[in-house]
Amino acid sequence: MANRYEEAFERSLKDPEGFWGEAAEACFWYKKWDKVLDDSNKPFYRWFVGGETNTAYNALDYHIENGRGDQLALIYDSPVTNTIQKYTYTELRDEVAKFAGALADQGVVKGDRVIIYMPMIPQAAIAMLGCARIGAIHSVVFGGFAAKELATRINDAKPKVMVSASCGIEVQRVIKYKPLLDKAIELSDYKPEKCIIFQRPMEEAALTPGRDLDWNEAVAAAKPADCVPVAATDPLYILYTSGTTGQPKGVVRDNGGHIVALKWTMKAVYDVDPGEVFWAASDVGWVVGHSYIVYAPLFAGCTTILFEGKPVGTPDAGVFWRVISEHNVKSMFTAPTAFRAIKREDSKGEFIKKYDLSNFKILFLAGERSDPDTIQWSERNLKVPVIDHWWQTETGWAICANCMGLHHFPVKYGSPTKSVPGWDVRVVNESNKELKRGEIGALVVKLPLPPGSLPTLWQNDDRFIESYLEEFPGYYKTADAGYIDEDDYVYVMSRTDDIINVAGHRLSTGAMEEVLSDHQDVAECAVLGVEDQLKGQVPVGFIVLKSGIDRPQEEIVKEVIAMVRDRIGPVAAFKTATVVNRLPKTRSGKILRGTIQKIADNKEYSTPATIDDPAILDEMAEALNKIGLGKSRK
Ligand code: COA
Ligand code: AMP
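The structure presented is a predicted model; accordingly, all values stated were derived computationally and were not measured. (Residues numbered from 1 in each chain as written. Chains lettered and ligands numbered in written order. Predicted model: local features only at pLDDT ≥ 70, side-chain atom pairs only at ≥ 80, totals over all residues. Heavy atoms only, no water.)

Asker: Can you walk me through the site of ligand 1 in this structure?
Answerer: Not every one of the 22 residues close to ligand 1 is listed here, only the nearest: E170, R173, K310, R565 and K575. For ligand 1, an oxygen atom lies 3.0 Å from a polar atom in the side chain of K535. For ligand 1, the accessible surface in isolation is 940 Å², of which the surrounding protein chains cover 84%. Classifying every residue of the shell around ligand 1 by side-chain character gives ten nonpolar, six polar and six charged. Two domains each donate at least three residues to the shell around ligand 1, and these are domain 1 (4-309 + 389-482) and domain 2 (503-632). (Near = heavy atom within 4 Å. Polar contact = N/O pair within 3.5 Å; in protein donor to acceptor, adjacent residues only side chain to side chain. Areas by Shrake-Rupley, 256 points an atom, 1.4 Å probe, with all protein chains shown as cover. Nonpolar A, V, L, I, M, F, W, Y, C, P; charged D, E, K, R; others polar. Domains from an automatic or database assignment.)

Below, the structure written as structure tokens:
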């Protein structure tokens, strides 16, 4: 007999309208949909067409009306400021309604964009939900990005208002946000009309008269705003993510499908029920933060935790266990890199023994491939199931997982288990031919994608088609490579493009190469991701200088490192670069990045038949040795 996962999976593919229509019954609608799935304009698919709803209503008001007003909705736990602040559903709804009123006072209406550039404080979530309440489209930008990255997003999203804070706190360092915001506005061609700034006590930002408003004053002067009905297909947010160039992709999320899918996942994937506490230790600037710090736990009537700290150093490697035990967390979700950081400082798990974790049931990992070592260490020390699951900014929720609320399959290390209901994952070759079990190829998803996944890129249908739908007609290209085994377990091996994953953060080496090429002395360059024990991958730059440059190479290296930090941001973790005489290339001039990467990672490699001059690989090996890579790796 089929188990509950198998039943759900089969039905979701054979009868998607029935499956998701039923899930949608659990959500609030001002007006029900006319059609669950509209496929009349392929390859664009739209979910819940004709339906009207509101995301903030589903996240907050709905629960208050159903008796959860006094239940905790959000716990802000900030070891970096020694603060714990709790909001019930009613309190959070009231804060959100007031902030929505403040936005409305600045003329923000349905469809307007608002960029949110905030540290991990409750006001970030309040701002997101405040936008949703009045149908404005938010675009959250991660605080670790530099002013130039923020400027690129301002130019693309054209926000009427920006919301920011005076500062963020990185362990003990106060990072001033306001100068970055000012610089971004200066750099951008498009100028937002107003900025609402939340002043934190550790850093008072100077406000620009006529443009900047103090958050508290704006809120005090505002009347609470009601929820505005929006079409299910209206955008809720734009989240920019790394593409293959310096121009990030504006992933769009709609309202209706997102509510339905995310609410459904809380039980089906995470096995969390209303009233229970769920914690995603990520940042609201990433998709995990959007989906599982803010939206899904609130759609499901859970308590969510917003954590401003790091897995280590705030104050120690026991902080995750302190948060889990203090707030009674049932399930948590983070990136494997966080656990590698903890394991490095507390390999025997001594801190774990200090806390009562008896209510903690499941650990979920995603953002990068979970290495078996990290999973096994966590299983041994936490004594709970450790579930790897695979997803992307574009998909908004898990493509593959061990769906703990449906059926717990045995874990196979190195695999995020099976396709989640709604996702028809296949493996194809370059000719779009499906491959046999065990054969490695491109991981693709048969169209239509389920609700909650991206309907398009912000005002760029062409790029959406070109990036995701053109190469494998009939499928969505995940840009990950992997295989499926005889038991339907999916294995995600590597990206097929130049995206790298640094501490669970998605970055484009192409974008870093664009920065390096801008240096006056650089003739050509390559950036690639090499293995790193803590962060999974880190970028390393190789630069060839223009002829006749006789400045000290160390100086140039320092300058390019500073340029990447200045233009992309500290999150790029670009700390290593080296000057080489030339780069290994094919006869047609393509840089052999894969071969350099293998030499850097001290892995077996063969000399590519198409290489221009094989002797250059020895030169590369020598250059890599000098910077502690290749054979000299520790
Ligand atoms: N604002 C400003 N700067 C930021 C920032 C923010 N919001 N977030 C990170 N940075 C800076 C850091 O201070 C660091 O700067 P530095 O080079 O001056 O030290 C740099 O960006 C890199 O940050 P990070 O990748 O976080 O590395 P780290 O060494 O500070 O910490 C880990 C390493 C593993 C502890 C950390 O990456 C982590 O906790 N990761 C969890 C993974 C995660 O949240 N993934 C999201 C998807 S689930
Ligand atoms: P992001 O859009 O930042 O969520 O990054 C998505 C990319 O991270 C995916 O395309 C994968 O390359 C990688 N990724 C995320 N989760 C996993 C996982 N569980 N296993 C392997 N790779 C993953």
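Asker: Mind showing me how you'd approach the site of ligand 2 here?
Answerer: In the vicinity of ligand 2, 14 residues are found, and the nearest of them are H389, T393, D480, R495 and R506. The separation between a nitrogen atom of ligand 2 and a polar main-chain atom of G367 is 3.1 Å. Relative to its unbound accessible area of 490 Å², ligand 2 is 93% covered by the protein chains. Grouping the constituent residues of the shell around ligand 2 by class yields three nonpolar, five polar and six charged.

Asker: Sorry, what's going on with the pattern of salt bridges here?
Answerer: When the charged atoms of two side chains lie near each other, side chains of opposite charge can form a pair. Inspection of every chain in the model, using the stated rule, returns 44 salt bridges. The partner of E368 in a salt bridge is R340, and the shortest N-O contact between them spans 3.0 Å. Taken together, the residues span a long stretch of sequence, with E368 in the loop between strand 19 (362-365) and helix 13 (372-382) and R340 in helix 12 (residues 336-345) at a distance of 28 residues. With relative accessibility at 11%, the residue E368 sits in the buried group. Here D485 ties to K412 by a salt bridge, and the two come within 2.8 Å at their closest N and O atoms. Note that D485 is positioned in the loop between strand 25 (475-484) and strand 26 (490-495) and K412 in the loop between strand 21 (400-401) and strand 22 (418-419), a separation of 73 residues in sequence. One continuous salt-bridge network, built from bridges that share partners, spans D61, R93, D94 and R133. (Salt bridge = Lys/Arg side-chain N within 4 Å of Asp/Glu carboxyl O. Helix = DSSP H or I, 4+ residues; strand = E, 2+ residues; numbered from the N terminus. Buried < 20%, exposed > 50% of the residue type's maximum accessible area, 1.4 Å probe, protein only.)

Asker: For this particular structure, what's the right way to read the packing of aromatic side chains?
Answerer: Pairs of aromatic rings are described using the distance from one ring centre to the other and the angle between the two planes. One pass over the full model with this rule turns up 40 aromatic pairs. On the numbers, 4.6 Å between centres and 70° between planes, the contact of Y270 with F364 is edge-to-face. With Y270 in the loop between helix 9 (256-268) and strand 16 (277-280) and F364 in strand 19, this pair connects stretches of sequence that are 94 residues apart. Exposure class is identical for Y270 and F364. Each is buried. Measuring from centroid to centroid gives 6.0 Å for F307 and F320, while their planes differ by 85°, and the two rings are edge-to-face. Of this pair, F307 sits in strand 17 (residues 303-307) while F320 is found in helix 11 (residues 319-327), placing the two residues 13 residues apart along the sequence. Following the ring pairs from residue to residue traces out a cluster consisting of Y270, F278, Y292, F333, F364 and W391. (Phe/Tyr/Trp six-rings, centres within 6.5 Å; stacked < 30°, edge-to-face > 60°.)

Asker: What's the story with the nonpolar core in this structure? I'm lost.
Answerer: Grouped burial of nonpolar side chains is what soluble globular proteins tend to show. Ranked by internal contacts, the top residues of the largest apolar core, which has 122 residues, are W20, F48, L92, W215, Y292, Y295 and F333. Counting 68 residues, the second-largest nonpolar core is a separate cluster that includes W458, V544, A572 and L583. (Core = buried A, V, L, I, M, F, W, Y, C linked by side-chain atoms within 4.5 Å.)

Asker: What is the right way to look at the domain arrangement of the protein in this model?
Answerer: Interface size is commonly expressed as the accessible surface area that is lost when the partners come together. Partitioning the protein into domains gives domain 1 (4-309 + 389-482) and domain 2 (503-632). For domain 1 and domain 2, the distance between their C-alpha centres works out to 34 Å. Across the contact, 18 residues belong to domain 1 and 14 residues belong to domain 2. Interface area, domain 1 with domain 2, both sides summed: about 1200 Å², of which 48% is carbon and sulfur. At the boundary of domain 1 and domain 2, one finds one salt bridge. (Contact = heavy atoms within 4.5 Å. Buried area = accessible area lost by both parts, 1.4 Å probe.)

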